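So you can see what is in the structure, the chains are spelled out below.
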Amino acid sequence: MNENATMWTVLAEAHRALRDAVRGVAAGGWDRPTPCAEWNVTQVLQHAAGDQIGFASFITGGPGPAENPFAPSGRLAAAPTGPPEPAGGRRVPGTS
């Protein structure tokens, strides 16, 4: 397997894990505290998604995250109702 294919495999697995985590958040649970003392559930989601977008950007040369994943705002336009878009709207090979 070449290096690029390996990176896509890692990103696809990370994206699957993030989608599973999003599905596990109960309605109204986005402001709950997390083991990350300074971040709530929304901020942890923003951090993880921002990292994935940044990694995809590294692979493709496309744009990075709109927000700093290490300083997440904790504000979403709307609570996620399903899986997040793959890597900033870009399709990640191996994901559905």
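Calculation criteria
- Residues numbered from 1 in each chain as written.
- Predicted model: local features only at pLDDT ≥ 70, side-chain atom pairs only at ≥ 80, totals over all residues.
- Heavy atoms only, no water.
- Helix = DSSP H or I, 4+ residues; strand = E, 2+ residues; numbered from the N terminus.
- Contact = heavy atoms within 4.5 Å.
- Salt bridge = Lys/Arg side-chain N within 4 Å of Asp/Glu carboxyl O.
- Buried < 20%, exposed > 50% of the residue type's maximum accessible area, 1.4 Å probe, protein only.

Caption draft 1: The arrangement of the environment of Asn-40 in detail. With respect to the helices and strands, the residue Asn-40 is situated in the loop between helix 1 (3-23) and helix 2 (41-60). Along the backbone, Asn-40 and Trp-30 are 10 residues apart, and their C-alpha atoms lie at a distance of 7.1 Å. Excluding residues within four positions of it along the chain, Asn-40 makes contact with Trp-30, Asp-31, Arg-32, Pro-33 and Thr-34.

Caption draft 2: Local environment of the pattern of salt bridges. Enumeration according to the criterion identifies two salt bridges in this entry. Linking Arg-16 and Glu-13 is a salt bridge whose minimum nitrogen-to-oxygen distance equals 2.6 Å. Here the residue Arg-16 and the residue Glu-13 both occupy positions in helix 1, the gap between them amounting to three residues, near one helical turn. The exposure class of Glu-13 is partly exposed, given its relative accessible area of 43%. Two residues, Arg-23 and Asp-20, come together in a salt bridge whose shortest N-O distance is 3.1 Å. Remark: Asp-20 and Arg-23 occur in helix 1; sequence separation between them is three residues, near one turn of the helix.

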